[in-house]
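# Remarks on the overall topology
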Amino acid sequence: MGAGHAGLAASHFLTERSLDHVVLERGEVANSWRRERWPSLRLLTPNWLSRLPGHHYDGPEPDGYMTMAEVTEFIERFAKVSRAPVRTGTEVTRVRRIDDGYQVMTSNGEIRCRALVIASGACNRPTVPELAAAVPESVEQLTPFSYRDPAQLADGGVLVVGASATGVQLAAELRRSGRPVTISVGEQARMPRTYRGRDVLWWMVASGIWDQRYDEVDDLDRARRLPSPQLVGTPERTTLDLNVLTAMGVEPVGRLAAIRDGTALFSGGLRNVFALADLKLARLLTTFDEWADDEADAPERFAPTQVPASARLQLDLRRGEIRTIIWATGFRPDYGWLDVPVLDPKGRLRHDGGVVDSPGMYALGLPVLRRRKSTFIHGIEDDARDVTNHLAHHLDGMVE
């Protein structure tokens, strides 16, 4: 299920094993990249890192970052080269367990299968907190799915809630358009674009951090909930963190804790939040330095995150200072069609490295599914190989 990079990678390995299968896609190939991203977004990973099984970036800018159109074309080309049996325009409406397999109801009829791979992604729906219901009607509310560009917003200030990769990128784009921007900051993962002369993600690969397996992670549940790093893909390979945003004129405030009588209330303690992010960054860079050979450029350290002299603790949303709120508060999968008891109390799939808690059901493309790199395009090959190996052994056992 899903004809993005995860579903197509699974199809590649199923084809290698001569296992009959079909890839169901509610829209078009690479639908989420095509329909659910704002136009100016670029991949966070450099082009040289863009690869799928037997397919890699071969363009003229290996150190660049793909646009959404280029990502779509890259995945479409992989689907054609691999001859994946994709059925587009086929929305899955219900899946339930039957006999020794599954009944899949779709907009184009029923399909029965012995095994099912859920590769519909981890970002099907934006996460919007319940307190959004208390926002005054005069303030427009958007998510990264509904945001396109600054021109669509009403004149006036913008409150961006969330300071992970999405939040900092949108805050920077909106500030460059001339708008007053306030960014509400909770837990964050600070990361420079380059370190010691190389893209920081080169270090993540070379040092082995991204290859760490899920069963080697100390706190797996926390690892799967970590915010995405504050990175942006630009031709200039620029760093985008809160120091950069502050220098641009973006105002940081604490985590949005409540909205009462039209007033947004922010938590205090930005100093502690910033100090924790700086500490985690320093530990990461130390890990890189311990791995690096003596010939690499000298170690670098970055200035601490600048703490405002007096951060605002509240903001009256009825006064017109803020005309738009963008909820950059994360994403979640959509399993509304799944009529199999495999979800935990928080609505997450119960799985062990992609092997779901129901015989013959599997998942791909979720955070730290089998490795820390699981959700990235380049990380899907190893996961898809492992998961389809398990699937093949499951089917062999059914035959026996």
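Refer to the structure presented above.
Each value, and the rule that gives it
Residues numbered from 1 in each chain as written. Predicted model: local features only at pLDDT ≥ 70, side-chain atom pairs only at ≥ 80, totals over all residues. Heavy atoms only, no water. Phe/Tyr/Trp six-rings, centres within 6.5 Å; stacked < 30°, edge-to-face > 60°. Helix = DSSP H or I, 4+ residues; strand = E, 2+ residues; numbered from the N terminus. Buried < 20%, exposed > 50% of the residue type's maximum accessible area, 1.4 Å probe, protein only. Lys NZ or Arg CZ within 6 Å of the ring centre and 35° of its normal. Salt bridge = Lys/Arg side-chain N within 4 Å of Asp/Glu carboxyl O. Pairing = 2+ DSSP bridges. Axes fitted to C-alpha atoms, helices over the stretch in contact; angles between N-to-C directions.

### A closer look at the packing of aromatic side chains
Tallied over the entire structure, the rule returns eleven aromatic pairs. A centroid spacing of 5.5 Å and a plane angle of 65° characterise the contact between Y195 and W203, whose relative ring orientation is edge-to-face. Here the aromatic rings of W203 and W291 are separated by 6.0 Å at their centres, their planes lie at 85°, and the arrangement is edge-to-face. Placement of W203 in helix α5 (residues 200-206) and of W291 in helix α8 (residues 270-291) is noted, with a sequence separation of 88 residues between them. W203 sits in the buried class, given a relative accessible area of 2%. Of the residues examined, W291 reaches a relative accessible area of 39% and is grouped as partly exposed. Every member of this aromatic cluster is reached through a ring pair, and the members are Y195, W202, W203, F288, W291 and F302. A cation sits over an aromatic face here: R37 above W33, 4.7 Å from the ring centre.

### A closer look at the pattern of salt bridges
A full pass over the atoms with the stated rule returns 30 salt bridges. Linking D211 and K373 is a salt bridge whose minimum nitrogen-to-oxygen distance equals 2.7 Å. Here K373 lies in the loop between β23 (361-363) and α9 (380-399) and D211 lies in the loop between α5 and α6 (220-225), a separation of 162 residues in the sequence. Of the residues examined, D211 reaches a relative accessible area of 37% and is grouped as partly exposed. Judged by relative accessible area, K373 falls into the buried class, the value being 8%. With a shortest N-O distance of 2.8 Å, E321 and R312 are connected by a salt bridge. Among the residues examined, R312 registers a relative accessible area of 25% and is labelled partly exposed. One continuous salt-bridge network, built from bridges that share partners, spans D211, K373, E381, D382 and R385.

### Topic: the pairing of strand β7 (residues 109-113)
Strand direction decides the pairing type here: strand β6 (residues 101-106) and β7, joined by five bridges, are antiparallel. Among the inter-strand pairings, Q103 is bridged to a residue of β7, identified as R112. Linking β6 back to β7 in an antiparallel pair, the connection comprises two residues.

### Remarks on unusual backbone geometry
The backbone of R196 shows a phi angle near 50°, a positive value even though the residue is not glycine. Relative to the assigned elements, R196 resides in the loop between β13 (194-195) and β14 (198-199). You can call R196 buried: its relative accessible area is 7%.

### Some remarks on the sheet that holds strand β5 (residues 92-98)
In space, the three strands of this open sheet follow the order β5-β6-β7, with antiparallel pairing throughout. Because the sheet does not close on itself, it has two edges, and the strands there are β5 and β7. Averaged over all pairs of adjacent strands, the angle between strand axes in this sheet comes to 20°, irrespective of strand direction.

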